[in-house]
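Listed below, chain by chain, are the residues.
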Amino acid sequence: MRAPKDCEDDWSALLMQVGTQRDRQAFERVFRRFAPLIKGFHHSRSTQALNSETADELVQEVMLKVWHKAPSFDRGKASASTWIYSIMRNCRIDMLRRNQRHRHRDGDIDVADIWDETLESQPLLFLQQKRNERDIADGLRALPAEQSHILEKAYMEGKSHSEISEELRLPLGTVKSRVRLAMKKLQARFVR
């Protein structure tokens, strides 16, 4: 399994291709990777302020801005995912504001719906997250290859168990049990 840093470098390289060469195939790969993640983030934070019907609208708005702003992407300042998630954050705030203008009631937006900026404003939490990311990467490398590969498909590529089963030509039960075993091993490693 490749290290998460290598994967992030791949996405940054693709985003650079989009920006410098207006490469539509590179953009398609970036879109296929980040659209489900943006939609998933939206659904995980969805409340009355932004219902699930706006998820596709958010994805389209974010990815259109990614296409237009790709020439300004600088991998030295941020990774591709950080850059795209910043665009997503701004688009979500804009959507919330637009939706708020159409509402006549106060209090429909919860601060947590906009974004949790704890990490940006508190360096110790930022460092803790970086340490956690490193520990998770180490934990994934310690797993048997078949388990870490399936976790990568599920959590890094955002694929469902059924999609993984079909792609790897494994029974669905095998995929589910490998995910469950891998998660138990990771949990045992981190809960000491």
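Residues numbered from 1 in each chain as written. Predicted model: local features only at pLDDT ≥ 70, side-chain atom pairs only at ≥ 80, totals over all residues. Heavy atoms only, no water.

- Per an unreviewed UniProt entry, the protein goes by RNA polymerase sigma factor and derives from Microbulbifer epialgicus.

## Focus on the packing of helix H8 (residues 145-156) against helix H9 (residues 161-168)
Part 1 of the argument: In the contact formed by H8 and H9, the axes pass within 9 Å of each other and the chain directions differ by 130°. Relative to H9, the element H8 lies oblique. Between H8 and H9 lies a crossing of right-handed hand. Of the residues in H9, those touching H8 at His149, Ile150, Lys153 and Ala154 are Ile164, Glu167 and Leu168.
Part 2 of the argument: Considering only residue class, the contact of H8 with H9 consists of four nonpolar, one polar and two charged. (Axes fitted to C-alpha atoms, helices over the stretch in contact; angles between N-to-C directions. Helix = DSSP H or I, 4+ residues; strand = E, 2+ residues; numbered from the N terminus. Parallel < 35°, antiparallel > 145°, perpendicular 65-115°, else oblique. Left-handed = near helix turned anticlockwise from the far one by under 90°. Contact = heavy atoms within 4.5 Å. Nonpolar A, V, L, I, M, F, W, Y, C, P; charged D, E, K, R; others polar.)

## Some words on the packing of aromatic side chains
Part 1 of the argument: Under the defined criterion, the tally for this structure stands at five aromatic pairs.
Part 2 of the argument: Where phenylalanine 27 meets phenylalanine 31, the ring centres are 6.2 Å apart and the plane angle is 55°; that geometry is what we call tilted. With a gap of four residues between them, phenylalanine 27 and phenylalanine 31 both fall in helix H2 (residues 24-45), about one helical turn apart.
Part 3 of the argument: The class for phenylalanine 27 is buried, based on a relative accessible area of 15%.
Part 4 of the argument: Of the residues examined, phenylalanine 31 reaches a relative accessible area of 32% and is grouped as partly exposed.
Part 5 of the argument: Between phenylalanine 34 and tyrosine 85, the ring centres sit 6.0 Å apart and the planes meet at 75°, which makes this aromatic pair edge-to-face. (Phe/Tyr/Trp six-rings, centres within 6.5 Å; stacked < 30°, edge-to-face > 60°. Buried < 20%, exposed > 50% of the residue type's maximum accessible area, 1.4 Å probe, protein only.)

## Re the packing of H9 against helix H10 (residues 172-190)
Part 1 of the argument: In contact at an axis separation of 9 Å, H9 and H10 are set at 115° when each is read in the N-to-C sense. The two elements H9 and H10 cross, and the hand of that crossing is right-handed. For the pair H9 and H10, contact is made by His161, Ser162, Ile164 and Ser165 and by Leu172, Val175, Lys176 and Val179, respectively.
Part 2 of the argument: For the contact of H9 with H10, the residue count by class is four nonpolar, three polar and one charged.

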